[in-house]
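# Structure assessment
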Amino acid sequence: MNAVKQFVRNPMGVVGAGMLLVVILIALLAPWLAPYDPQVRVQVTPDDILAPPDAEHLLGRDDAGKDVLSQLIYGARVSLIVGFTASFMSMFIGTTVGLVAGFYGGRVGNWLMRLVDFLMVIPDLPLMLVIIAVTGRGLTNIILVIGLLGWTYTARLVRSQVLSVKERQFVLRARSLGASAPRIILRHIFPQVVPLVIAQAVLDISVAILAESSLAFLGLGDPTLISWGMMLNFAFERAISRQAWWFLLPPGLAIVWVSLSLILIGNTLDQIVNPRLRTHHLFDARRMVALAVGVPPLAKADGAGE
Amino acid sequence: MKTNLWRFLVVCVVLALTAPSLIGCQPQPETTTEAPQVQPTEAPAAEPTLAGAEPPTEPEPVTLHVGTTYIWDTANPTFGWYNYNLRNLIYDTLIEWGDIDTFEPDLAESWTVSDDGLVWTFKIREGVTFHDGTPCTAEEIAWSLNWTIENEIETFSFYLANFAEVVALDPTTLQVTLSDPVGNMESALLLFTWILPPSVWDGMSYDEIMEFEGVAAGIGTGPYKLVEWVEGEYLILEAFEDYWRGRPAIDRVVYREFATDDVMIQALLAGDIDVIDMVPGPGVQSLESADTVEVLIMDSLFIDELIINSHENGTQPASLNDPQVRLAMEYAFDRGQIITLGYLGYGEPATTVLPTSMGDWHNSDIKPILFDPVEGNRILDEAGYLDTDRDGIREDGEGNPMEYRLYATDSASNARILEVISDGLSQIGISAPPTVMNEDSLIGLYPDFDFDLIYWGWGLDPDPDFAMFIFTCDQREEGGWNDSGYCNEDFERMYEEQAVTVDQEERRELIWEMQQKLFDDRPYLVSTYYDNIQAYRSDRFTGFGLGCGDILWKWCFLQGSPIE
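Because the structure is predicted, anything quoted here is derived from the model rather than measured.

Turning our eyes to something else, we now look at the overall build of chain A. Counting secondary structure elements, chain A contains 14 helices and 0 strands. For chain A, with 306 residues in total, the buried portion stands at 49%. Long-range pairs, those at least 24 residues apart, make up 73% of the contacts in chain A between residues at least 6 apart in sequence. About 14800 Å² of surface is accessible on chain A, with carbon and sulfur atoms providing 69% of the total.

Here is the structure:
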């Protein structure tokens, strides 16, 4: 529970969590919050098209005469669904690959990490564009593509952590007691990497949301769903020459809002759990020779211990 | 990790806010192409006293920049089929299409026809040369027409189907003998059969002709010669010194390709370009409010339509071939909303394949069927298409749900139009989720007619022959024009009959009957005859003819001149 306390004490994390909570609430309560149902096509006159904001339509209307505010509210759903599911997928794959590669090492680890390197060098967005263009533009495809391409960094992170954890004494003890490899991985090593993975997964959510928006903006989103990227796609082609800022700005700012919140949360978590930013909780800084000799106060100030 | 945070923030803000403008960035052709043409830096006004000693300074060439979303697919005139106005600036024909319903002498100064309508004699203009300097006399014209016929050059050999013999009697006389009399010699047959130089095209095999690319493919006798074309970026035309009407007033025409309409509109407002060849509906308002821009909303020969797959070997579901289903779909086709959303109101609801701008050719007896889903539902109920499993989608007699594939090319306005179509169809119990795809994928469906519904459009000839030709059976072959797969014996017979009917009133009746036939069989639900909207910088250019429906059309374009 120490981590929770630290999180609450960090203003950056609290602000981020608050911002995200707002978006989650909006997404959940969309049917009650949205003044209109954005899925329903409306009969329009030329005056309704890109009509500026007024009392009935607080953020004006889009190029099909539909209420922008309602679309903005419903758009939160797509972003969150894509963000959370895709990042959960990358987290799962990345952790598995990282654990296996780190624990077994050798040829298996080598091949897995070469696969990671291979996927890392390919620029993600163009690859996604090609895959979506070939497989079709359903929401499932978009989630799969983002999830299946986004796990590489997590895998590297987990592997490096596993490499260090598996040399620890408690692993040696478990092994000498006759524990099987899967048991060691799941019961002894996995818990040590979970905090790191979660911090990374939160950051991945924002990457996934941005990826979804980029795809939709480039015209490769799910055409049956309203998403922020899709709104930008239409605004970009049809609203700019009419100076209809009310159609262009809100989805852009919404994307910034949700990405920012996730990055704030992710970085706060990262600061709490990442061994490179903090001393690991298994590490007793007081016993480290270098620290004991050089800068003893650091160990005290550093409250990351148990 | 601190730096990582900032990197993320920056990337995120940049992506969300500036991605539109980044992607909209256009290559700047001027910087690369005009660099060699260094302008004289001395001001001409300072010259007079030294005029005797210095060579006269060249006046700065007048360049007109045209903004377009797509220049063309190939420089090769034998199969390219985009931007005919641009090709028309490069090549000449025997007879020129002037204003929307008039025909002017071009390379032929005058012509006579024998009493039986079979022998046409053209007096050919003297002193015409191709851009490469070779002469263009009756000999070359005869060669060009014969070459077109022999090689079956697809874009224009159909116009020459009845040509039995083309000979040059002397350098200024061309004689054409027809196998059957034709009613539309001036109005259709010669408007697009560009005269190409034997110096370039002679001796090529069919495959070599089809693969020929490069600037030489753009050699004709027209007022402008092709200088450079970079695919997807720009194209440069330069005035032809020896053009038979005299050197055009505008020295260069540069076509620039823009990724999106909005960027193009901003470029016109900013003065980077001088003409937009086709302004999308949403842009009209902001252009009209600018003092320096003149917006032209002109009748055109454009139609947009929903193609219904009518090929007997197509992959469409059987229910789509039922005339009653098609009739019901007509009732579910909300033309008013399509025009409002897709064209911002700049179009009129359509009935037949021939637009009202064709005057008498348009069958005005055919009354529009107004949007009425209740009637559509009634027709489907009566025809036995019921929603037996109560899922909101009707099934045909064999229990197959009425689910159709609805496609269009990738653009925001098409996406909106498909929404309207799909929504209308869902109101009569037909499911047709919209799919937009790039043009290549769409054309890729054609060899097998692997689609149900496609939203598409055409620019027609001033004569109805071509519009009817589209629906003939032979045109279903790969590379043909028939995009619905329609093939009907009666229609075929009427088409052949109208082609040889010289009496224009009789021919009109046939054309009306053919329109009625197409309206009843519905290979197309024609949605709109939309306006051609163009805009130009009225502070820089003036005088363009307005009768052609396109100020870039040679006849109207040559009337334009720069404002000093």
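All names here are of chain A. Together, L21, L25, L28, L29, W32 and L33 give the surface a local cluster of nonpolar side chains, amounting to about 670 Å² of exposed area. Mapped by element, the contributors of at least two residues to the nonpolar patch are α2 (11-28) and α3 (30-33). Among the elements that line the nonpolar patch, the one with the most residues is α2, at 3 residues.

Moving on, we come to the sheet that holds strand β11 (residues 275-276) of chain B. Strand order in the open sheet made by the 7 strands is β8-β9-β10-β1-β11-β19-β12 (chain B), with mixed pairing throughout. Looking along the sheet, the strands with just one partner apiece sit at the ends: β8 (224-230) and β12 (293-298) of chain B.

Reports often express the size of an interface as the amount of accessible area lost when the parts come together. Assigned domains of chain A: these are domain 1 (2-38 + 59-273) and domain 2 (281-306). The distance between the C-alpha centroids of domain 1 of chain A and domain 2 of chain A comes to 34 Å.

Contacts between the two partners involve 41 residues from chain A and, on the opposite side, 39 residues from chain B. Both sides of the chain A and chain B interface together cover about 3700 Å² of buried area, and 64% of this is carbon and sulfur. Summed over the shared surface of chain A and chain B, the result is 4 salt bridges. Between R137(A) and D410(B) there is a salt bridge whose closest N-O contact spans 3.8 Å. Across the contact surface, chain A and chain B share 8 residue pairs in polar contact (both at pLDDT 80 or more). Among the elements of the structure, α10 (181-217), α11 (228-238) and α12 (245-273) of chain A are those that each provide at least two residues to the side of chain A that touches chain B. Broken down by element, the residue count for the side of chain A that touches chain B peaks at 10 residues, all from α12(A). Looking at the side of chain A that touches chain B residue by residue, the classes come out as 23 nonpolar, 9 polar and 9 charged.

Residues and elements named next belong to chain B. Two strands pair when backbone bridges link them, and strand β4 (residues 108-113) and strand β5 (residues 119-124) are joined in this way by 5 bridges, in the antiparallel orientation. Following the sheet pairing, V113 is matched in β5 by W120. Counted along the chain from β4 to the antiparallel partner β5, the turn is 5 residues long, and its residue G117 has a positive phi close to 75°.

With that settled, the discussion passes to the confidence of the model for chain B. Residue and element names in this part refer to chain B. Here chain B averages 86 in pLDDT, while 89% of its residues score no lower than 70. Residue range residues 1-6 is modelled with pLDDT below 50. Its contacts to residues more than four positions away, or to other chains, number 7 contacts. Counting interchain partners and residues more than four positions distant, the pLDDT-below-50 stretch residues 8-53 has 52 contacts. Scoring of the predicted complex yields 0.78 for pTM and 0.74 for ipTM.

Over its 12 residues, helix α6 (residues 124-135) of chain A runs 16 Å from end to end, which matches the ideal 16 Å to within 8%, given 1.5 Å per residue. Positioned one or two residues after α6(A), G136(A) has a phi angle of 105°, which is positive.

Residue and element names in this part refer to chain B. Enumeration over the complete set of coordinates arrives at 2 disulfides over all chains. Across a sulfur-sulfur distance of 1.9 Å, C473 and C487 are joined as a disulfide pair. Judged by the torsion about the S-S bond (90°), the C473/C487 disulfide is right-handed. With a gap of 14 residues between them, C473 in the loop between α16 (464-469) and α17 (489-499) and C487 in the loop between α16 and α17 connect regions that are remote in the sequence. The residue that forms a disulfide with C548 is C556, at a sulfur-sulfur distance of 2.0 Å. Handedness here is read from the sign of the S-S torsion; for C548 and C556, about 90°, the answer is right-handed. When sorted by exposure, C548 lands in the same class as C556, which is buried. With cysteine numbering restricted to those in disulfides and following the sequence, chain B has the pairing 1-2, 3-4.

Before going further, it helps to spend a moment on unusual backbone geometry. Although it is not a glycine, L50(A) sits at a positive phi angle of roughly 55°. Looking at L50(A), the relative accessible area reads 4%, which means it is buried. At L344(B), a position not held by glycine, the phi torsion is positive, near 55°. Among the secondary structure elements, L344(B) is positioned in the loop between α12 (335-343) and β14 (347-349). Overall, the relative accessible area of 10% leaves L344(B) in the buried class.

Moving on, we get to the confidence of the model for chain A. The predicted structure's coordinates, where accompanied by low pLDDT, should not be read in detail. Averaged over chain A, the pLDDT score is 85; the fraction of residues at 70 or greater is 89%. Note that pLDDT drops below 50 for residues 289-306 of chain A; the model gives that stretch 18 contacts with residues more than four away or on any other chain.

Attention now goes to the pattern of salt bridges. Considering all chains together, one arrives at 32 salt bridges over all chains under this definition. Of the charged contacts in the structure, one is a salt bridge between D274(B) and R540(B), with a shortest N-O distance of 2.6 Å. In this pair, D274(B) sits in the loop between α9 (261-270) and β11 while R540(B) sits in the loop between β19 (532-537) and β20 (541-542), placing the two residues 266 residues apart along the sequence. Residues joined by salt bridges that share partners form a network here, namely D62(A), D63(A), K66(A), R238(A), R416(B) and E419(B).

What follows covers a negative patch on the surface. Residue and element names in this part refer to chain B. Together, D503, E506, E509 and E513 make up a region of like negative charge exposed at the surface. Its location among the elements puts D503 in the loop between α17 and α18 (504-521). Of the residues examined, D503 reaches a relative accessible area of 39% and is grouped as partly exposed.

Moving on, we come to the sheet that holds strand β18 (residues 524-530) of chain B. Residues and elements named next belong to chain B. Reading across the sheet, the 6 strands line up as β14-β18-β13-β17-β15-β16 and stay open at both edges, with mixed pairing between neighbours. In this open sheet, the two strands that pair with only one neighbour each are β14 and β16 (434-437). For this sheet, the mean inter-axis angle between neighbouring strands, taken without regard to orientation, is 30°. By the bridge criterion, 3 bridges tie β14 to β18 in an arrangement that is antiparallel.

Basis of the calculations
- Residues numbered from 1 in each chain as written.
- Chains lettered and ligands numbered in written order.
- Predicted model: local features only at pLDDT ≥ 70, side-chain atom pairs only at ≥ 80, totals over all residues.
- Heavy atoms only, no water.
- Helix = DSSP H or I, 4+ residues; strand = E, 2+ residues; numbered from the N terminus.
- Buried < 20%, exposed > 50% of the residue type's maximum accessible area, 1.4 Å probe, protein only.
- Contact = heavy atoms within 4.5 Å.
- Areas by Shrake-Rupley, 256 points an atom, 1.4 Å probe, with all protein chains shown as cover.
- Patch = residues over 30% accessible without salt bridge, like charges linked within 9 Å, V, L, I, M, F, W, Y side chains within 5 Å.
- Salt bridge = Lys/Arg side-chain N within 4 Å of Asp/Glu carboxyl O.
- Pairing = 2+ DSSP bridges.
- Domains from an automatic or database assignment.
- Buried area = accessible area lost by both parts, 1.4 Å probe.
- Polar contact = N/O pair within 3.5 Å; in protein donor to acceptor, adjacent residues only side chain to side chain.
- Nonpolar A, V, L, I, M, F, W, Y, C, P; charged D, E, K, R; others polar.
- pLDDT = per-residue confidence, 0-100.
- Expected span 1.5 Å × (residues − 1).
- Disulfide = S-S within 2.5 Å.
- Lys, Arg positive; Asp, Glu negative; His and termini not counted.
- Charge placed at Lys NZ, Arg CZ, Asp CG, Glu CD.
- Axes fitted to C-alpha atoms, helices over the stretch in contact; angles between N-to-C directions.

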